[in-house]
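# Geometric and topological summary
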Amino acid sequence: MVDGQDATWTGGEERFELWRRRLGLVLAPIAFIAVWLLATGLDPAAHRLAAILAAVVVLWVSEAIPMAMTAFLGVSAAVVLGVAPAQAAFAPFADPLVFLFIGTFILARAIFFHGLDRRFAFAILGLRGVGESPTRVLIAYAGTSALISMWISNTATTAMMFPIGIALLRSLEALGDGAQKPATGFAAVFLLANAFAASIGGLATPVGTPPNLIGIGFIRQETGVDVSFFAWMALGVPVVALALMVMLVRFLWSTSDRLPRLDGVAAFIAAERRQLGPWTRGQVNTVIAFAFAVTLWIVPGVLTLLLGSEHPLYRGFTTALPEGVVALLAAGLLFVLPTNVRRLEFTLEWREAVQIDWWIVFLYGGGIALGTLAFKTGLAETLGLGLTSLLGVQSELGLIALSTAIAVVLSETTSNTASANMVVPVVIAFARSSGIDPVLPAIAATMGASLGFMLPVSTPCNAIVYASGRIPLTAMMRNGIWLDVAGVAIVIGVVSLLGPFVRAALVGG
């Protein structure tokens, strides 16, 4: 189980996962007791919370129990041990970004339910000339994964694109006399491109992957700066474009295979598109609801550019239509726009809507709750001061680099969502104790949490494609660590160069 999603493991990976979970069950109470006994000199509430967080971090890293349940237990323990009253401890579960999660997940469910993701994927792959060369097929396949994952779960994107990729490879294998398969190198990078591009694409928008909203939530809670949809995209889109370019150059350079003209692939894609049939009423309605949400998410940024952040129209718009409200209104359209008026059938039924990833919603609420308590009790400030004296980072650029690197390393061994929950509040506290504005380092740490590419356990995306048996572990590790390093450099460069302009606009707002 990785990030709340089932994954298929080989015998070695399954044994590793089992021992990791067993170790977590043993180490969590040990960590709690050790911190309780050794962390002297803290205020009583901070002391108790430190012990709770030590156990929570072990459980998150080991995934010994479901991560959402770990978050619930952590907040509940804070109430039991007197860190905070229940009303204050559980208040972050009603954070407006929780409802942005819910509304966005319902929209994504409708996209999946009505097959819009497959229609979009085959439309991109079916562009003229794409199916004629392995280079163009690879670029189109990776680009499609990235574009879809900007709006729906990275895991769902990879899972949807995976069978398409396998079918494309089988189509290649059927070319000629049918006996010669694509070389292992091409098959491996082709499937890796799906997983890596989905993880990269999620960075482009706030709703692309849960760590983005987790980081945005911490930034707003602890700094008072509201990172808007448009502002995030101003940084996220350049990061995605550069990372995708680097990934594709790496894959195309490392693939020495020279395959013939791929007319068979073009025919396969055309046949799949014909099987999709004409657009349905449900698909049209889903596009309307989705376009409604995206338009209203982007409008505030446009108003800022045209009128300035002090203009009454901008302030009125953002007050009346914050992003969470827009997501819920768009999701509500799915239950109002009919597919059959006479039979009172609508675009989405509630039995489909409730199948969203609730565990992420709960994990977000719990993570924000524990992070908020860390600041209220003074634990975060104490930790920040300790790290300041230990690491000696005194510049914003240095902290951006350090934050990104730590988040990437942590995301290789635990889930991206857990990494963001653990790293971002520490980075904010570290920045404050060093006299550095925490906004950009926190954004960099948030992005770094999604850059784990090296191992099958790093992300569900990696696990899905690794289960195909077509990707040697050495190939994933070799390409993954290369992209990790490149991703860290890209995030540092984009955030440090473009971030000051975005921050100026946010602070001005």
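Remember, predicted model here, so these are calculated numbers, not experimental data.

## Some details on the overall build of the protein chain
In terms of helices and strands, the protein chain carries 23 helices and 2 strands. By the burial criterion, 54% of the 509 residues in the protein chain qualify as buried. If you take every contact in the protein chain between residues at least 6 apart in sequence, the share linking residues at least 24 apart comes to 79%. Of the roughly 20,900 Å² of accessible surface on the protein chain, 68% is carried by carbon and sulfur atoms.

## A few points about the packing of aromatic side chains
Overall, the coordinates contain 12 aromatic pairs when judged by the stated rule. Pairing Phe335 with Trp350 gives two aromatic rings, centres 6.1 Å apart and planes at 50°, and the pair type is tilted. Note that Phe335 is positioned in the loop between helix H15 (323–333) and strand S1 (338–340) and Trp350 in helix H16 (residues 350–353), a separation of 15 residues in sequence. When its relative accessible area of 52% is taken as the criterion, Trp350 is described as exposed. Between Trp358 and Phe362, the aromatic rings sit 6.4 Å apart at their centres with planes inclined by 25°, giving stacked as the arrangement. Residue Trp358 and its partner Phe362 are located together in helix H17 (residues 358–376), separated by 4 residues, close to a single helical turn. Classification of Phe362 by relative accessible area gives partly exposed; the value is 33%. One aromatic cluster in this structure is built from Phe72, Phe90, Phe93, Trp358 and Phe362.

## Let's talk about empty space enclosed by the protein
Under the definition given, this model contains 2 cavities of 30 Å³ or more. The calculated volume of the second largest cavity comes to roughly 40 Å³. Elements with a minimum of two residues in the lining of the second largest cavity: helix H5 (96–113) and helix H13 (281–307). No other element matches the 4 residues that H5 contributes to the lining of the second largest cavity. A breakdown of the residues in the lining of the second largest cavity according to their chemical character gives 7 nonpolar, 1 polar and no charged.

## A few points about the pattern of salt bridges
With the rule as written, the count across this model stands at 5 salt bridges. In this structure, Asp95 engages Arg220 in a salt bridge whose closest nitrogen and oxygen atoms are separated by 2.7 Å. Of this pair, Asp95 sits in the loop between helix H4 (86–90) and H5 while Arg220 is found in helix H10 (residues 210–223), placing the two residues 125 residues apart along the sequence. A residue is classified by how much of its surface remains accessible, and Asp95, at 4% relative accessible area, is buried. Here Arg343 and Glu345 are joined by a salt bridge, their closest N and O atoms 3.2 Å apart. Since its relative accessible area comes to 60%, Arg343 is described here as exposed. Taking the relative accessible area as the measure of exposure, Glu345 reaches 27% and is therefore partly exposed. Among the ionic contacts, a cluster of salt bridges with common partners joins Glu396, Asp437 and Arg503.

## What to know about the nonpolar core
General note: in soluble globular proteins, nonpolar side chains tend to be found buried as a group. The biggest cluster of nonpolar side chains holds 150 residues, and the ones touching the most others in it are Trp60, Phe190, Met247, Trp297 and Met447. When residues of this core are assigned to their parent elements, the largest contribution, 13 residues, is made by helix H9 (residues 184–201). By size, the runner-up hydrophobic cluster in this structure holds 7 residues, among which are Ala31, Ala54, Val58 and Ala64.

## Concerning the packing of H5 against H10
Across the interface, H5 lies against H10 with an axial gap of 10 Å and an inter-helix angle of 165°. As judged from the angle between their axes, H5 and H10 are roughly antiparallel. Crossing handedness for the pair H5 and H10: right-handed. Every residue of H10 that contacts H5 at Pro96, Leu97, Leu100 and Phe101 is listed here: Pro210, Leu213, Ile216, Gly217 and Arg220. Of the residues contributing to the contact of H5 with H10, the split by class is 7 nonpolar, 1 polar and 1 charged.

## Thoughts on H15
Buried within H15 are the following residues: Glu323, Gly324, Val326, Ala327, Ala330 and Ala331. Relative to the axis of H15, the buried residues are bounded by an arc of 160° and lie together on one face. Buried positions along H15 lie against H5, helix H11 (229–254) and H13.

## Describing H5
With 18 residues, H5 should cover 26 Å at 1.5 Å per step; its first-to-last C-alpha distance of 26 Å lies within 8% of that length. Burial analysis of H5 places 14 of its 18 residues in the buried class, which makes it a mostly covered element. Phi turns positive one or two residues past the end of H5, at Gly115, with a value near 75°.

## Topic: the side chain of Glu222
Turning to its location among the elements, Glu222 is positioned in helix H10. Although Glu222 is buried, it makes no salt bridge; Arg432 carries the closest opposite charge, 4.4 Å away.

## Considerations on unusual backbone geometry
Phi is positive for Leu344, close to 50°, though the residue is something other than glycine. Position of Leu344 relative to the elements: it lies in the loop between S1 and strand S2 (345–346).

## Description of the confidence of the model for the protein chain
On average, the protein chain scores 83 in pLDDT, and the residues at 70 or more come to 89%. Taken element by element, the predicted model of the protein chain shows its lowest mean pLDDT in helix H18 (residues 379–391) (73) and its highest in helix H21 (residues 439–448) (94). Counting contacts from residues 1–9, a segment whose pLDDT is below 50, to residues more than four positions away or on other chains yields 29 contacts. Confidence drops under pLDDT 50 across residues 176–180; counting only partners more than four residues distant or on other chains, this segment forms 4 contacts.

## A few points about the environment of Ile152
Structurally, Ile152 can be placed in the loop between helix H7 (134–149) and helix H8 (154–173). The spacing of Ile152 and Leu107 is 45 residues in sequence and 8.4 Å in space, taken between C-alpha atoms.

## So, a nonpolar patch on the surface
Nonpolar side chains collect at one region of the surface, where Val302, Leu305, Leu306, Leu307 and Leu313 lie side by side and expose about 500 Å² of accessible area between them. Ranked by the residues each element gives to the nonpolar patch, the list is headed by H13, at 4 residues. Within the secondary structure, Val302 is located in helix H13. The exposure class assigned to Val302 is partly exposed, which follows from its relative accessible area of 36%.

## Let's talk about the environment of Leu191
You can see Leu191 is positioned in helix H9. For Leu191, a relative accessible area of 0% corresponds to the buried category. Separated by 28 residues in the primary sequence, Leu191 and Pro163 have C-alpha atoms spaced 10.0 Å apart. Apart from the residues within four sequence positions on either side, Leu191 is in contact with Phe162, Gly165, Ile166, Leu169, Val465, Ser468, Arg470 and Ile471.

What counts, and at which threshold
Residues numbered from 1 in each chain as written. Predicted model: local features only at pLDDT ≥ 70, side-chain atom pairs only at ≥ 80, totals over all residues. Heavy atoms only, no water. Helix = DSSP H or I, 4+ residues; strand = E, 2+ residues; numbered from the N terminus. Buried < 20%, exposed > 50% of the residue type's maximum accessible area, 1.4 Å probe, protein only. Contact = heavy atoms within 4.5 Å. Areas by Shrake-Rupley, 256 points an atom, 1.4 Å probe, with all protein chains shown as cover. Phe/Tyr/Trp six-rings, centres within 6.5 Å; stacked < 30°, edge-to-face > 60°. 1 Å grid on protein atoms, 1.4 Å probe; cavity = no way out; pocket = protein on both sides within 12 Å on 5 of 7 lines; lining within 4 Å. Points joined across faces, edges and corners; volume = space filled by probe spheres on them. Nonpolar A, V, L, I, M, F, W, Y, C, P; charged D, E, K, R; others polar. Salt bridge = Lys/Arg side-chain N within 4 Å of Asp/Glu carboxyl O. Core = buried A, V, L, I, M, F, W, Y, C linked by side-chain atoms within 4.5 Å. Axes fitted to C-alpha atoms, helices over the stretch in contact; angles between N-to-C directions. Parallel < 35°, antiparallel > 145°, perpendicular 65-115°, else oblique. Left-handed = near helix turned anticlockwise from the far one by under 90°. Arc of directions from axis to C-beta. Expected span 1.5 Å × (residues − 1). Lys, Arg positive; Asp, Glu negative; His and termini not counted. pLDDT = per-residue confidence, 0-100. Patch = residues over 30% accessible without salt bridge, like charges linked within 9 Å, V, L, I, M, F, W, Y side chains within 5 Å.

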